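# Overview (structure and organization)
Read off the chains here:
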Amino acid sequence: MATEGIEAVFLTTHNWGRAAKFFQTLGYELEFATDHASGQLRNGDGPYVFIAEVPEDQEPQTRIVLKAPDEEAFRPDPAVEVVTPFEDTHYGTREMTVRDPDGRLWSLQAPAGNRP
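Below is a short write-up of the structure. (Residues numbered from 1 in each chain as written. Predicted model: local features only at pLDDT ≥ 70, side-chain atom pairs only at ≥ 80, totals over all residues. Heavy atoms only, no water.)

### Concerning helix α1 (residues 16-25)
Within α1, the full set of buried residues consists of Trp 16, Ala 19, Ala 20 and Phe 23. Summarising the axial view, the buried residues of α1 lie within an arc of 100°, below the 170-degree limit, and thus occupy one face. The outward face of α1, more than 90 degrees from its buried face, is lined by the exposed residues Arg 18, Lys 21 and Thr 25. Where α1 is buried, its residues touch β1 (6-13), β2 (29-33), β3 (38-42) and β4 (48-53). Two to three positions downstream of the cap, the backbone nitrogen of Gly 17 sits 3.3 Å from a side-chain oxygen, assigning the N-cap of α1 to Asn 15. (Buried < 20%, exposed > 50% of the residue type's maximum accessible area, 1.4 Å probe, protein only. Helix = DSSP H or I, 4+ residues; strand = E, 2+ residues; numbered from the N terminus. Arc of directions from axis to C-beta. Contact = heavy atoms within 4.5 Å. Polar contact = N/O pair within 3.5 Å; in protein donor to acceptor, adjacent residues only side chain to side chain.)

### Side note on unusual backbone geometry
At Ala 37, a position not held by glycine, the phi torsion is positive, near 60°. Take Ala 37: it is sitting in the loop between β2 and β3.

### Observations regarding the pairing of β1
The pairing of β1 with strand β5 (residues 62-67) spans five bridges and is classified as antiparallel. Paired with Val 9 across the two strands is Ile 64, which belongs to β5. In this sheet, β4 lies alongside β1 in parallel orientation, the contact comprising six bridges. Paired with Val 9 across the bridge in β4 is Val 49. (Pairing = 2+ DSSP bridges.)

### Comments concerning the sheet that holds β1
As a general point, the strands of a sheet are linked pairwise by backbone hydrogen bonds and lie either parallel or antiparallel. Read across the open sheet, the eight strands follow the order β2-β3-β4-β1-β5-β8-β7-β6; overall the sheet is mixed. A single partner strand is all that each edge strand has here, and the edge strands are β2 and β6 (81-88). Shown here is a sheet whose adjacent strand axes are inclined to one another by a mean of 25°, direction ignored. Where strand β7 (residues 93-99) lies against strand β8 (residues 105-111), seven bridges are found, and the strand directions are antiparallel. Bridge pairing in β8 places Thr 97 opposite Ser 107. (Axes fitted to C-alpha atoms, helices over the stretch in contact; angles between N-to-C directions.)

Next up, the structure:
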């Protein structure tokens, strides 16, 4: 089974409110905000953007997350370097990390309910 495209873009920022407002001016709507300076926005049927505030001593990062619809059925080609197998996240999904030929890390996200 292959991935099904981009699920999300995860961003870290030094100012959650300013970052969320930026995406709202681009047409994204706030789906939810947490009580710890993070939240999720979406524009139509496309991938969601999840933004989390980090301390000033951390550099803001961007991570693209690919959708794996079923963890049990997903079997990467042997040429794909699996950095971390699917693991539980604190936000209720399962996530795997792979490395592309140029050394970039990619996250694959699957629903938590698709495992024994």
